[in-house]
Amino acid sequence: MQEETEYINVYGARVHNLKNIDAEIPRNSLTVITGLSGSGKSSLAFDTIFAEGQRRYIETFSAYARNFLGNLERPDVDKITGLSPVISIEQKTTNKNPRSTVGTTTEVYDYLRLLFARAGEAYSYLSGEKMVKYTEEQILDLILDNYAGKRIYILAPLVRSRKGHYKELFEQVRKKGYLYVRVDGEVKEAVPGMKLDRYKNHDVEVVIDKLVVTDKDDVRLKGSVATAMRQGDGLLMILDQQSGEVRHYSKLLMCPVTGLSYREPAPHNFSFNSPQGACPKCKGLGVVNQIDIDKVIPNRELSLYEGAVVPLGKYKNSMIFWQIEALLEKYEMNLKTPVKDLPEDVIDEILYGRAHQDKEQPHRYLIGLLRHLRGRGEVHTDAAGSGCLCHCAEVG
């Protein structure tokens, strides 16, 4: 009895390459099976001991449950004693990949994504309010309750905080028979040739209907709500003419305060392998590469002409220096001005470009600089910020 409780004893194992092998393995300890390739290590561990332990465990199930699992064949062995229920961990060869985490390797991550998509509750990042969504019948009931006896405008949003003159949009609105639009909070008549300042952000809504909310007019109200939902892609706004207050209603997930709407969450929204779910800072990789400016410009006493920017070196008759010289002339400076006397805005414009002031999205000169410095070992890699939605918090 003591032998069975302290050891796993295998007698006469003949699976695969095993030739009538007897083995004694101590319990409650770490045992390593070693040997040449093809000597039968896996045959003993997986195909004999694990297979017999699994077969015995399944035999404890009811006959009904065993119908779904099928019958497991008994391994070719005379006898095994001291065997408990067994667990086998499959051998995997994984490459070093920043997208590979404990969650992805164990496949728990897939279940978590599904759980968040189906059981999660969405909150607005603007107001912190819980997102809501309504059916058309619920929207009608809310309008009748909140605006009974009041004169309202039913609006369908067309443009939300985007630049453009929208001349063609206003022409389409007129062709559909709508007479009024609400532009940046002001109701205006949609006149021929109407257009906006193309360089400013605008909010544009079309006025679907103006009416006084009464129970007698519910057919008209229902039709206007359906039209507004169709024109606004599932979103409508109600403007109280007297108070000027605006409320948002949507069949999609929507913030009741700001009108921000989300699509229904899906598993890919929680995956760092998908553009919809990846952190915008690290692109789902978990790390970001940053240039050490002190390595790029180690001596700010020097000028660009003298080689203050190490990867560029001293002045050469080349396009990059012509471009920098033209840029400095705009600020009444030149290539011989010491870097310490250049404003930070000018240095940023030299390094990141006028249209690429975002230091995490450098223009092509800085990308080339990044590659050059990486080859010299002068780029350090940092974990992405704490606001990241992907797995970069796991990568240190």
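This one's a predicted model, so the numbers in the text were calculated from it and none came from an experiment. (Residues numbered from 1 in each chain as written. Predicted model: local features only at pLDDT ≥ 70, side-chain atom pairs only at ≥ 80, totals over all residues. Heavy atoms only, no water.)

### What about empty space enclosed by the protein?
Part 1 of the argument: Evaluation of the coordinates by the stated rule reveals one cavity of 30 Å³ or more.
Part 2 of the argument: As a volume, the largest cavity reaches approximately 40 Å³.
Part 3 of the argument: If you go around the largest cavity, the residues you meet are Ile297, Leu304, Val309, Val339, Leu342, Ile347, Ile350 and Leu351.
Part 4 of the argument: Taken together, the residues of the lining of the largest cavity break down into eight nonpolar, no polar and no charged. (1 Å grid on protein atoms, 1.4 Å probe; cavity = no way out; pocket = protein on both sides within 12 Å on 5 of 7 lines; lining within 4 Å. Points joined across faces, edges and corners; volume = space filled by probe spheres on them. Nonpolar A, V, L, I, M, F, W, Y, C, P; charged D, E, K, R; others polar.)

### Focus on the pattern of salt bridges
Part 1 of the argument: A complete count under the given rule lists 16 salt bridges for this structure.
Part 2 of the argument: Among the ionic pairs, Glu245 bridges to Arg247, the shortest N-O distance being 3.5 Å.
Part 3 of the argument: Relative accessible area serves as the criterion here: at 31%, Arg247 is assigned to the partly exposed category.
Part 4 of the argument: As a salt-bridge pair, Lys340 and Glu301 come within 3.1 Å of each other at their nearest N and O atoms. Here Lys340, found in the loop between helix 10 (319-330) and helix 11 (344-352), pairs with Glu301, found in the loop between helix 9 (293-296) and helix 10; they are 39 residues apart in sequence, far enough to count as distant.
Part 5 of the argument: Salt bridges sharing common partners tie together Glu52, Arg55, Arg56 and Glu59. (Salt bridge = Lys/Arg side-chain N within 4 Å of Asp/Glu carboxyl O. Buried < 20%, exposed > 50% of the residue type's maximum accessible area, 1.4 Å probe, protein only. Helix = DSSP H or I, 4+ residues; strand = E, 2+ residues; numbered from the N terminus.)

### Focus: the side chain of Ser250
Part 1 of the argument: Within the fold, Ser250 resides in strand 9 (residues 246-250).
Part 2 of the argument: On the basis of relative accessible area, Ser250 is assigned to the buried category, the value being 0%.
Part 3 of the argument: In this structure the side chain of Ser250 is engaged in a polar contact, spanning 3.0 Å, whose partner is the backbone oxygen of Gly234.
Part 4 of the argument: Sequence-distant contacts of Ser250, that is, excluding residues within four places in its chain, are made with Lys133, Tyr134, Ile139, Met229, Gly234 and Leu235. (Polar contact = N/O pair within 3.5 Å; in protein donor to acceptor, adjacent residues only side chain to side chain. Contact = heavy atoms within 4.5 Å.)

### Here's the deal with helix 6 (residues 136-146)
Part 1 of the argument: Within the sequence span of helix 6, burial applies to Ile139, Leu140 and Ile143. The arc that holds every buried residue of helix 6, seen down its axis, measures 100°, which confines them to one face.
Part 2 of the argument: Where helix 6 is buried, its residues meet strand 4 (151-163), helix 8 (218-231), strand 8 (235-240) and strand 9. (Arc of directions from axis to C-beta.)

### A few points about the environment of Asn9
Part 1 of the argument: By the element assignment, Asn9 lies in strand 1 (residues 7-13).
Part 2 of the argument: Judged by relative accessible area, Asn9 falls into the buried class, the value being 3%.
Part 3 of the argument: Along the primary structure Asn9 and Ile25 are separated by 16 residues, whereas in three dimensions their C-alpha atoms are 6.4 Å apart.

### A few points about the sheet that holds strand 4
Part 1 of the argument: Strands sit in the order 6-5-7-4-8-9 across an open sheet of six strands; the sheet is antiparallel. What marks the edges here is a single partner per strand, and that holds for strand 6 (186-189) and strand 9. Mean inter-strand twist for the sheet, computed between neighbouring axes without regard to direction, equals 35°.
Part 2 of the argument: In terms of strand pairing, strand 4 meets strand 8 through four bridges, oriented antiparallel. Across the sheet, residue Ile152 finds its bridge partner in strand 8, namely Asp240. (Pairing = 2+ DSSP bridges. Axes fitted to C-alpha atoms, helices over the stretch in contact; angles between N-to-C directions.)

### Side note on the confidence of the model for the protein
Part 1 of the argument: In this model, the protein carries a mean pLDDT of 81, and residues with pLDDT of at least 70 account for 87%.
Part 2 of the argument: This stretch, residues 376-396, has a pLDDT under 50; its non-local contacts, to residues over four places away or in other chains, come to 49 contacts. (pLDDT = per-residue confidence, 0-100.)

### With respect to the packing of aromatic side chains
Part 1 of the argument: A complete count under the given rule lists seven aromatic pairs for this structure.
Part 2 of the argument: Measuring from centroid to centroid gives 5.1 Å for Tyr109 and Phe272, while their planes differ by 35°, and the two rings are tilted. On the criterion of sequence distance, the pair formed by Tyr109 in helix 5 (residues 108-119) and Phe272 in the loop between strand 11 (261-262) and strand 12 (287-291) is long-range, its members being 163 residues apart. The pair Tyr109 / Phe272 is uniform in exposure class, with both members buried.
Part 3 of the argument: Measuring from centroid to centroid gives 6.1 Å for Tyr134 and Tyr249, while their planes differ by 50°, and the two rings are tilted. Taken together, the positions of Tyr134 in the loop between helix 5 and helix 6 and Tyr249 in strand 9 put the pair 115 residues apart, joining distant regions of the chain. (Phe/Tyr/Trp six-rings, centres within 6.5 Å; stacked < 30°, edge-to-face > 60°.)

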